[in-house]
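# Structural description and commentary
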Amino acid sequence: MTRRFGGAVAAAVLLVSGMAGAEEAWDTVATEPFVVKVRPRPGTKAKDIWAEGELKASAAQVQAALEDMESYRSWMPYVKESRVVKPTDDGGRLTYTRLDLPVVSSRDYICHVVTESKVAPDGTGVYQQRWKAEPDAFPARRDVVRLRLNEGSWKVESRGEGRSWAVYKFTVDPAGSIPGFLANVGQKDAVVDTLRAVEKRAKSLTVTPPAK
């Protein structure tokens, strides 16, 4: 009897642990012009965001746009400062970004960014980038709220001449006191605005193909 009871307890513990570790289902909040899905991040105020769709720019052009972090302040929505602070030992870089948002205080974040793979000069291959916040790498600035949770990735692959398919995933906790409608930044319009901005910037770039 004791052995059976112990086995039942063990099974129950495993079941509860499995339920606790189960991820929330994705909720699709948009299907056009890009698919946008969200789900809550357990234990935080943040939401996981997953967006994907076709961009009217080649994968090489999108790669060039996303790799030029120093230029984000001139075309990425809400970005007022953007710079590479220093390279990291793993071949990545530590970056600093400040956002100016409507109504609320400015936000900033420090991220460790790594490019995992690149599109080849002939246009083949997949561009993949990932990042994760390192909020304590530098002291916080006065009157700017430091984001402590900010992580995500880009995956971009060719879909033929002048076309690519982008998958953009991220999780951000907006931090501080923020109105409900702004707490949802990253959903629908904000995500679409970002993807459209990347597309527009990428289309403006000339990527020289290799000589034959």
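Counting from 1, residues in each chain are numbered in the order their sequence is written. Note on the predicted model: pLDDT of at least 70 is required for a residue's local features to be given, and 80 or more for side-chain atom pairs to be given and counted; whole-chain, interface and lining totals, by contrast, use all residues. No hydrogens and no water enter the side-chain calculation; it runs on all heavy atoms of the structure.

This paragraph deals with the packing of aromatic side chains. Stacked, edge-to-face and tilted are the three classes for Phe, Tyr and Trp ring pairs, Trp counted by its six-membered ring, which pair at centre distances within 6.5 Å; planes under 30 degrees apart are stacked, over 60 edge-to-face, the rest tilted. Applying the stated rule across the entire model yields five aromatic pairs. Geometrically, the ring pair formed by Trp26 and Trp50 is edge-to-face, given 5.5 Å between the ring centres and 90° between the ring planes. In this pair, Trp26 is assigned in the loop between α1 (2–21) and β1 (27–30) and Trp50 in strand β3 (residues 47–55), connecting sequence segments 24 residues apart. We call a residue buried when its accessible area falls under 20% of the maximum for its residue type, exposed when it is over 50%, and partly exposed in between, using a 1.4 Å probe and counting protein chains only. Taking relative accessible area as the criterion, Trp26 reaches 28% and is therefore assigned partly exposed. In this structure Trp50 comes out as partly exposed when scored by relative accessible area, which is 21%. Pairwise contacts between aromatic rings join Trp131, Trp154, Tyr168 and Phe170 into one cluster. Starting at the N terminus, helices and strands are each numbered in turn, a helix being any DSSP run of H or I of at least four residues and a strand any DSSP run of E of at least two.

On to the confidence of the model for the protein, then. Within a predicted model, pLDDT stands for the predictor's per-residue confidence, ranging from 0 to 100. Averaged over every residue, the pLDDT of the protein is 85; the share at 70 or more is 82%. No element of the protein has a lower mean pLDDT than α1, at 39, and none a higher one than strand β7 (residues 126–133), at 98. Throughout, a contact is declared for two residues whenever any of their heavy atoms are within 4.5 Å. Across residues 1–21 the pLDDT falls below 50, and counting only partners more than four positions away or on other chains, this stretch makes zero contacts in the model.

We now examine the pattern of salt bridges. Pairing of side chains with opposite charge becomes possible as their charged atoms draw close. The salt bridge definition used is simple: a Lys or Arg side-chain nitrogen within 4 Å of an Asp or Glu carboxyl oxygen. Here the structure, examined in full by the defined rule, presents 15 salt bridges. With a shortest N-O distance of 3.9 Å, Glu67 and Lys118 are connected by a salt bridge. Remark: Lys118 occurs in the loop between β6 (106–117) and β7 and Glu67 occurs in helix α2 (residues 59–67); sequence separation between them is 51 residues. Residue classification places Glu67 among the partly exposed positions, given a relative accessible area of 25%.

Once that is clear, we can look at the pairing of β6. Among the twelve residues that make up β6, nine are buried, leaving the element largely enclosed by the rest of the structure. By definition, two strands form a pair when at least two bridges between them are found by DSSP. With seven bridges joining them, strand β5 (residues 93–99) and β6 adopt antiparallel strand pairing. Bridge pairing in β6 links Leu94 to His112. Counting the residues in the hairpin turn of β5 and β6 gives six residues, including Val103, whose phi is positive at 75°. With six bridges joining them, β6 and β7 adopt antiparallel strand pairing. When the sheet's bridge partners are listed, Ser117 is paired in β7 with Gln128.

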